[in-house]
Amino acid sequence: MISYTFSYADLEYFLLILVRITCFIYIAPFFSMSNTPRNIRIAFGFFLTILMYNVLPRTEVVYHTLIGYSIIVMKEVLTGFLIGFGANFCTTIVTFAGQIADMEMGLSMATLFDPATRQNVTITGVYYNYMMLLLLFFSGLHEYLIRALAETFTLIPINGAVINSDRIVQSLIEFMSNYIIIGFRICLPVFAVMLILNAVLGILAKVSPQLNMFAVGIQMKVLVGLCILFATTAMLPQAAGFIYDQMRHVLVTFVESMRGV
């Protein structure tokens, strides 16, 4: 006969797992997109919690007052948010690259709402973002994120997070340097071609002052920029690999900074 007994301690442990998983889903790439129905995200987090609850080794949650349990809940919220933020922050590299490319092409004023980042981004930023998400999805990033979330419960048990702010800030500073480098690598073809085009237009303006190079230059920048943008699409898988590696490094650094070792 199957026993369905469920104590208060089991419920408290289940809710703490649910808090970390739902906070991760709220901010992590793929899962946090606003065009994904909330009911789907809640159901996914609930069933993932059931799986983790049946697999994870049980650890005792010690507290004495309601405030003590609230502190444990806030620690799990912060753990889930930091892990998801580390993954989501890496995907904003392509938005940065798109803004630089659109600034050179003259399309920086044309913005769209991106459901992935919940902010207004430029046209090239949306193109880069969806191409990267598609490539990362084919590379199995969503499976890696779920496995990484599951491993955090082993590395950082429930009520075992120790927030080391110094290591987190140091990892963010290190990431920002790579953030700028990878972003410029992605938009470098467009940036280089636009630089050459500006030099050519400047020479033509001196050679033939009667021509309105300002009006001609705007159209040429958009046309040449779009051609280079689509011609360099084959380079995006390599850029996606850079972002994938950087995301793994950031997640490992964040988890290690919360282990307290």
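Residues numbered from 1 in each chain as written. Predicted model: local features only at pLDDT ≥ 70, side-chain atom pairs only at ≥ 80, totals over all residues. Heavy atoms only, no water.

Undergrad: Account for the overall build of the chain, with residues named and values stated.
TA: Per the secondary structure count, the chain includes nine helices and two strands. In the chain, the succession of helices and strands from N to C terminus is α-α-α-α-β-β-α-α-α-α-α. Against the compact-globule benchmark of 18 Å for 261 residues, the chain has a radius of gyration of 24 Å, which places it well outside the compact range. Along the first, second and third principal axes, the C-alpha set of the chain runs to 90 × 40 × 30 Å. For the chain, the proportion of its 261 residues judged to be buried stands at 43%. If you take every contact in the chain between residues at least 6 apart in sequence, the share linking residues at least 24 apart comes to 83%. For the chain, the accessible surface area stands at approximately 14,500 Å², while carbon and sulfur atoms represent 70% of it. Distance between charge centroids for the chain: 5 Å, based on 13 positive and 13 negative side chains. (Helix = DSSP H or I, 4+ residues; strand = E, 2+ residues; numbered from the N terminus. Rg over C-alpha atoms; globule rule 2.2 N^0.38 Å. Buried < 20%, exposed > 50% of the residue type's maximum accessible area, 1.4 Å probe, protein only. Contact = heavy atoms within 4.5 Å. Areas by Shrake-Rupley, 256 points an atom, 1.4 Å probe, with all protein chains shown as cover. Lys, Arg positive; Asp, Glu negative; His and termini not counted. Charge placed at Lys NZ, Arg CZ, Asp CG, Glu CD.)

Undergrad: So what's going on with the pattern of salt bridges? Residues and values would help.
TA: The tally for this structure, following the rule as stated, stands at one salt bridge. For R20, the salt bridge is made with E76, and the minimal N-O distance between the two is 2.7 Å. Taken together, the residues R20 in helix α1 (residues 8-27) and E76 in helix α3 (residues 66-91) connect sequence positions 56 residues apart. Across this residue pair, the class does not change: R20 and E76 are buried. (Salt bridge = Lys/Arg side-chain N within 4 Å of Asp/Glu carboxyl O.)

Undergrad: Quick rundown of the environment of E104? Include the residues and the values.
TA: With respect to the helices and strands, the residue E104 is situated in helix α4 (residues 93-105). For E104, the contacting residues outside a window of four places in its chain are F191, M194, N198 and K221.

Undergrad: Can you break down the packing of helix α7 (residues 165-207) against helix α9 (residues 236-257) residue by residue, with the values?
TA: Remark: α7 packs on α9, axes separated minimally by 10 Å, with the N-to-C direction vectors making an angle of 175°. One way to sum up the angle between α7 and α9 is to call them roughly antiparallel. Of α9, the residues touching α7 (which contributes R167, I168, S171, L172, E174, F175, N178, I182, R185 and I186) are A239, F242, I243, Q246, H249, V250, T253, F254, E256 and S257. Of the residues that constitute the contact of α7 with α9, the class distribution is 10 nonpolar, six polar and four charged. (Axes fitted to C-alpha atoms, helices over the stretch in contact; angles between N-to-C directions. Parallel < 35°, antiparallel > 145°, perpendicular 65-115°, else oblique. Nonpolar A, V, L, I, M, F, W, Y, C, P; charged D, E, K, R; others polar.)

Undergrad: Tell me about α4, residues and numbers included.
TA: For α4, spanning 13 residues, the distance from its first C-alpha to its last is 19 Å, which sits close to the expected 18 Å at 1.5 Å a residue. Among the 13 residues that make up α4, 10 are buried, leaving the element largely enclosed by the rest of the structure. Among the residues making up α4, those that are buried are I93, V94, T95, A97, G98, I100, A101, D102, E104 and M105. G106 sits one or two positions beyond α4 and adopts a positive phi of about 85°. (Expected span 1.5 Å × (residues − 1).)

Undergrad: How would you sum up the confidence of the model for the chain? Please name residues and give values.
TA: A residue-level look at the chain finds 93% of positions with pLDDT of 70 or above and a mean pLDDT of 79. The secondary structure element of the chain with the lowest average pLDDT is strand β1 (residues 111-114), at 70, and the one with the highest is helix α2 (residues 38-55), at 85. (pLDDT = per-residue confidence, 0-100.)

Undergrad: Summarise the side chain of Q246; cite the residues concerned and give the values.
TA: Of note, Q246 is situated in helix α9. The class of Q246 is buried, set by a relative accessible area of 9%. The contact partners of Q246, leaving out residues within four places of it in the chain, are C90, F175, N178 and I182.

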